[in-house]
Amino acid sequence: MDVPRLAAGEGFELRSWELGDLPLVREASSDDYIPLITTVPSVYSQRAGEAFVRRQWERASTGSGYPFVIVRVADGRPLGMVGLWLRELNEGRASLGYWVVGSARGQGVAAEALRAVAAWALSDLQIPRLQLYVEPWNSASQQTAERAGFQCEGLLRSWQQVGEERRDMIMYSMLGTDLSSPDAR
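Residues numbered from 1 in each chain as written. Predicted model: local features only at pLDDT ≥ 70, side-chain atom pairs only at ≥ 80, totals over all residues. Heavy atoms only, no water.

Asks: Quick rundown of the pattern of salt bridges? Include the residues and the values.
Replies: Close approach of charged atoms allows side chains with opposite charge to pair. Across all of its chains, the model carries 11 salt bridges by this definition. Put simply, arginine 72 and aspartate 75 hold a salt bridge, and the shortest N to O gap is 3.0 Å. The shortest N-O distance in the salt bridge between arginine 115 and glutamate 112 comes to 3.3 Å. Of the two residues, arginine 115 and glutamate 112 both sit in helix α4 (residues 109-123), three residues apart, roughly one turn of that helix. Classification of arginine 115 as partly exposed rests on a relative accessible area of 21%. One continuous salt-bridge network, built from bridges that share partners, spans Arg15, Glu18 and Asp21. (Salt bridge = Lys/Arg side-chain N within 4 Å of Asp/Glu carboxyl O. Helix = DSSP H or I, 4+ residues; strand = E, 2+ residues; numbered from the N terminus. Buried < 20%, exposed > 50% of the residue type's maximum accessible area, 1.4 Å probe, protein only.)

Below, the structure written as structure tokens:
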């Protein structure tokens, strides 16, 4: 399957991964948290960065998901990633994940990207339910999910392995009917 290009608000675009995105992988590798919750290498090397990009291509080619790079339109700079993962599609749901490098945080990048992928998944792909998980301490990510229109459903205790420990996660969801509700942005 092909990863489409999507507009994310007025200032960002979502596209498939390219080997030219290795500086983004390098910056994400140096983050304290991103490598713990993703497949971004915790120690960057050219080989590890290329392997990460190739994994994203494989996800798309095998149909397991749509990995998007978030790019600022004004200068073409990659800022982060948002992914739509289809492991539970046969159950009528898909999950999303996102990260933005430290130098691009606090600019609404993730919310715009998340909103664009969610709208595309619900309307074009007709996926009935989208969900994402955020650690309780991560208030910035919770605000991102809520700004994008996701609704908090509750705490999932000891839900996910993160690094060396099991951690609680807050479940967020979005349904196709949420797009047409008066509260949807």
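Asks: Could you give an account of the packing of aromatic side chains, naming the residues involved and the relevant values?
Replies: This structure, assessed with the given rule, holds seven aromatic pairs. Taken together, a centroid distance of 6.5 Å and an interplanar angle of 45° make the contact between tryptophan 17 and tryptophan 99 tilted. With tryptophan 17 in the loop between β2 (12-15) and α1 (22-29) and tryptophan 99 in strand β5 (residues 93-100), this residue pair connects regions lying 82 residues apart in the sequence. The two residues tryptophan 17 and tryptophan 99 agree in class, both being buried. Ring centres of tyrosine 66 and phenylalanine 68 lie 6.5 Å apart, and the angle between their planes is 20°; on these two criteria the pair is classed as stacked. On the basis of relative accessibility, which here comes to 10%, the residue tyrosine 66 falls in the buried class. (Phe/Tyr/Trp six-rings, centres within 6.5 Å; stacked < 30°, edge-to-face > 60°.)

Asks: I'd love a proper account of the side chain of serine 29, names of residues and values included.
Replies: The topology assignment puts serine 29 in helix α1. Judged by its relative accessible area of 6%, serine 29 is buried.

Asks: Got a sec to walk through the environment of leucine 130? Specific residues and values, please.
Replies: Mapped onto the elements, leucine 130 comes out in strand β6 (residues 129-134). Aside from chain neighbours lying at most four places away, what touches leucine 130 is Leu84, Ala94, Leu96, Ala118, Ala121, Leu122, Phe150, Tyr172, Ser173 and Met174. (Contact = heavy atoms within 4.5 Å.)

Asks: So what's going on with the confidence of the model for the protein? Which residues, and what values?
Replies: For the protein, per-residue confidence averages 93 on the pLDDT scale, and 97% of positions sit at 70 or higher. The least confident element of the protein, judged by mean pLDDT, is helix α6 (residues 176-179) at 84; the most confident is β2 at 98. (pLDDT = per-residue confidence, 0-100.)

Asks: How would you summarise the environment of tyrosine 66 if you had to cite specific residues and measurements?
Replies: Secondary-structure assignment places tyrosine 66 in strand β3 (residues 65-72). In the structure, tyrosine 66 is positioned 51 residues away from valine 117 in sequence and 9.3 Å away in space, judged by C-alpha atoms. Apart from the residues within four sequence positions on either side, tyrosine 66 is in contact with Met1, Asp2, Val3, Pro4, Val82, Gly83, Leu84, Trp85, Leu86, Trp120 and Leu125.

Asks: Lay out helix α5 (residues 139-147) in plain terms, naming residues and giving numbers.
Replies: Each α-helix winds once per 3.6 residues, and so residues spaced three or four apart point in a common direction. For α5, the set of buried residues is Ser141, Gln142, Thr144 and Ala145. Projected down its long axis, α5 carries its buried residues within an arc of 160°, all on one side. Along its buried surface, α5 packs onto β5, α4, β6 and β8 (165-175). (Arc of directions from axis to C-beta.)

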